Amino acid sequence: MRTARLRTVHPVLWAGWAALAAGAVLCVLGWYGVSGERFAERQVPYLASCTVPGAALIVAGAVLLTHGRGALAAARVEELYGLLVAEEPAGAAGEPGTAAGAPLAVSGDLLMVPGGTLWHRADCPLVAGKAESVPVDAKLLASGELGPCPICEPVEETD
């Protein structure tokens, strides 16, 4: 599943690489022209026509690559999030979790990741099978420091 955003990022990356290559070629040509001239007044045309525009193209290419890679990373995160929360197609009748609006997790045990800000059901896809997940401390739950996970939407329980 590729999003339209992923398809629009590739031209930006290609433009960035092209600008970097063109800038490098101009800088090399400018250096070659300057190196063959002894007097500074004869070197200035090479600096003005090749080296300065070449450096500007290198900066522009770096900006385009940075923007393109950031947009590509954002598009991949959106795609992964979409895959994570996508509802599975209805399978066999009576299968749990296939009805529209059915929760992804139904366990009554609550878990958290140390340093996290959310609590989850034990069978939530975000903490299931993770060794670092620990049972929720009742003090943290009562203090309101932890919020419910938007994926498994556990019911607030106090023991």
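Broken down by element type, the chain carries three helices and four strands. In the chain, the succession of helices and strands from N to C terminus is α-α-β-β-β-α-β. Going through the 159 residues of the chain one by one, you find that 25% of them count as buried. Nonlocal contacts in the chain, meaning residues at least 24 apart in sequence, comprise 58% of its contacts between residues at least 6 apart. With the model as given, the accessible surface of the chain reaches about 10500 Å², and the carbon-plus-sulfur share is 65%.

Averaged over every residue, the pLDDT of the chain is 76; residues scoring 70 or more account for 76%. Note that residues 91-100 has pLDDT below 50 and, in this model, nine contacts with residues that lie over four places away or in other chains.

The subject of this paragraph is the sheet that holds strand 4 (residues 147-148). Strand order in this open sheet of four strands is 3-1-2-4, and the pairing throughout is mixed. The open sheet has two edge strands with one neighbour each: strand 3 (134-135) and strand 4. As paired strands, strand 2 (residues 118-121) and strand 4 are joined by two bridges and run parallel to one another. Paired with Leu-118 across the bridge in strand 4 is Gly-147.

With that out of the way, let us pick up the side chain of Ser-133. Along the polypeptide, Ser-133 turns up in the loop between strand 2 and strand 3. When residues no more than four places from it in sequence are discounted, the contact partners of Ser-133 are Leu-111, Met-112 and Val-127.

The next point concerns helix 2 (residues 40-85). Because an α-helix completes one turn every 3.6 residues, residues spaced three or four positions apart along the sequence face the same direction. Taking 1.5 Å as the rise per residue, helix 2 with 46 residues should run 68 Å; its terminal C-alpha atoms sit 65 Å apart, in good agreement. The sharpest bend along helix 2 measures roughly 45° and falls at Leu-47. Taken residue by residue, helix 2 has Cys-50, Gly-54, Gly-61, Leu-65, Gly-68, Ala-71, Leu-72, Ala-75 and Glu-79 as its buried positions.

Turning to its location among the elements, Glu-37 is positioned in the loop between helix 1 (4-35) and helix 2. There is a polar contact of 3.4 Å between the side chain of Glu-37 and the side chain of Arg-42. Apart from the residues lying within four places of it in its own chain, the contact partners of Glu-37 are Arg-42, Gln-43 and Tyr-46.

Definitions and cut-offs
- Residues numbered from 1 in each chain as written.
- Predicted model: local features only at pLDDT ≥ 70, side-chain atom pairs only at ≥ 80, totals over all residues.
- Heavy atoms only, no water.
- Helix = DSSP H or I, 4+ residues; strand = E, 2+ residues; numbered from the N terminus.
- Buried < 20%, exposed > 50% of the residue type's maximum accessible area, 1.4 Å probe, protein only.
- Contact = heavy atoms within 4.5 Å.
- Areas by Shrake-Rupley, 256 points an atom, 1.4 Å probe, with all protein chains shown as cover.
- pLDDT = per-residue confidence, 0-100.
- Pairing = 2+ DSSP bridges.
- Expected span 1.5 Å × (residues − 1).
- Bend = angle between axes of the 7 residues up to and from the residue.
- Polar contact = N/O pair within 3.5 Å; in protein donor to acceptor, adjacent residues only side chain to side chain.

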